[in-house]
Amino acid sequence: MADPAISVTGVDRIFGKSRKQVVALKDVDLTVAAGEFVSLIGPSGCGKSTLLRLVADLDTPTTGDIRVFGKVARQARLDQDYGIAFQQAGLLPWRTVAGNIELPLKLHGADAAVRKNRVAELIELVGLTDFAKSHPDQLSGGMQQRVAIARALAESPKLLLMDEPFGALDEITRERMQNELVKICAETGAAVLFVTHSIPEAVFLSDRVVVMSPRPGRITGIVDVRADGLAGAHDRTERARDEEGFFHAVAEVRSLLHGTPETATAARGVDNR
Ligand SMILES: Nc1ncnc2c1ncn2[C@@H]1O[C@H](COP(=O)(O)OP(=O)(O)OP(=O)(O)O)[C@@H](O)[C@H]1O
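Residues numbered from 1 in each chain as written. Predicted model: local features only at pLDDT ≥ 70, side-chain atom pairs only at ≥ 80, totals over all residues.

J.: Account for the overall build of the protein chain, naming residues and giving values.
T.: Helix and strand counts for the protein chain come out as nine helices and 10 strands. The globule rule puts the C-alpha radius of gyration for 273 residues at 19 Å, and the 19 Å found for the protein chain is close to it. Expressed as a percentage of contacts within the protein chain between residues at least 6 apart in sequence, the contacts between residues at least 24 apart total 70%. (Helix = DSSP H or I, 4+ residues; strand = E, 2+ residues; numbered from the N terminus. Rg over C-alpha atoms; globule rule 2.2 N^0.38 Å. Contact = placed C-beta atoms within 7 Å.)

J.: Pulling in residues and values, what's your account of the sheet that holds strand E7 (residues 159-163)?
T.: If you trace the six strands from one edge of the open sheet to the other, you get E6-E7-E8-E3-E9-E10, paired in mixed fashion. Each edge of the open sheet is held by one strand with a lone partner, namely strand E6 (83-86) and strand E10 (218-224). Strand-to-strand twist of the sheet, defined as the mean angle between neighbouring strand axes without regard to direction, takes the value 15 degrees. Sheet analysis places strand E3 (residues 37-41) next to strand E8 (residues 191-195), joined by four bridges and oriented parallel. Of the residues in E8, the one forming a bridge with Phe-37 is Val-192. Taken strand by strand, helix H8 (residues 244-257) contacts E3, strand E9 (208-213) and E10, and its axis lies near 170 degrees from that of E10. (Pairing = 2+ DSSP bridges. Axes fitted to C-alpha atoms, helices over the stretch in contact; angles between N-to-C directions.)

J.: Run through the nonpolar core, naming residues and quoting values.
T.: Val-55, Leu-193, Val-203, Val-209 and Val-253 are the most contacted members of the largest nonpolar core, which totals 81 residues. If you tally residues by element for this core, the top one is helix H5 (residues 141-153), at seven residues. Two domains share this core, each providing at least three of its residues, namely domain 1 (6-82 + 158-268) and domain 2 (88-156). Not counting the four nearest positions on each side in its chain, Val-209 is found in contact with Ser-39, Ile-41, Ala-202, Val-203, Ile-222, Val-223, Val-225 and Val-253. (Core = buried A, V, L, I, M, F, W, Y, C linked by C-beta atoms within 7 Å. Buried ≥ 20, exposed ≤ 12 C-beta atoms within 10 Å, placed from the backbone. Domains from an automatic or database assignment.)

J.: Pulling in residues and values, what's your account of the UniProt feature "domain: ABC transporter" (unreviewed entry) in the protein chain?
T.: The UniProt record marks residues 6-239 with the feature "domain: ABC transporter" (unreviewed entry), using the residue numbering of this structure. Along residues 6-239, the helical share is 33% and the strand share 26%, with 30 Å between the first and last C-alpha atoms. (UniProt positions renumbered as here; feature names shortened; annotations may be inferred.)

J.: With reference to specific residues and values, describe the packing of H5 against helix H6 (residues 171-188).
T.: Two quantities define a packed helix pair, namely the angle between the axes and the distance from one axis to the other. Packing of H5 against H6 leaves a shortest axis separation of 11 Å and a crossing angle of 15 degrees. Between H5 and H6, the interaxial angle falls into the category roughly parallel. Like other packed secondary-structure pairs, H5 and H6 cross with a definite hand, here right-handed. For the pair H5 and H6, contact is made by Gly-141, Gly-142, Gln-145, Ile-149 and Leu-153 and by Thr-173, Arg-176, Met-177, Ile-184 and Thr-188, respectively. Grouping the constituent residues of the contact of H5 with H6 by class yields four nonpolar, five polar and one charged. (Parallel < 35°, antiparallel > 145°, perpendicular 65-115°, else oblique. Left-handed = near helix turned anticlockwise from the far one by under 90°. Nonpolar A, V, L, I, M, F, W, Y, C, P; charged D, E, K, R; others polar.)

See below:
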């Protein structure tokens, strides 16, 4: 069987020493299958970003093991096995839309013709063909975020790590971006680990929603949205937002977040394949 996109085994992350110590993550085990969309949700400070940073090898666990497509996290980073998109689009203001998307390809030595074709493909994928020559300050927040997503996809990663990429957007733009992300994932087959504070966003986008508790950050339950009758994340359409299964999954995530799991939810909470 193919290696999972991510496997996190027995991970703790403790910051600082002795009395000033912060146990940001404790006993975290999580597997994200190839092509699977998994969201992390939990109160502020529960360690969501820390977990994402560990997977991206921007930080190192105190104990435990992290693999990305079967490789240690550092090797996966060196091999550019994933794309990253964070809340701030982080675009270079002096480069055009095309220039920003092209950057990772340029840094990694792709030749000019390859870069040109790939950038044109990506700009079309995120619907910004008319803005290829614009600069970031000429774009709305949603458009900037689309550029950041295109840039994260530049090297066709089979995994995307996204930390509240739509957190700064208004509700309408946010829903539109969620719909686009579903389409992009269906087209690219990429797995996603996605941090969010929004329950409906997590449910709409994900195959599974991982609920975390604060201090020390642990996984308290996992809601399999497909078990509520929704299509897999790649096949979701706007209509899913009105389905009964959607509301049921939202209620399950909410009850786990508030620490009042229903019996069924608690049973499903240990489902971590
Ligand atoms: N470099 C660091 N040094 C010390 N403590 C840290 C560091 N990074 C994170 N922490 C602590 O670890 C805990 C988890 O932080 P983290 O940013 O992962 O939470 P989060 O769930 O992403 O929060 P939010 O939803 O507010 O973004 C917090 O208590 C935070 O203060």
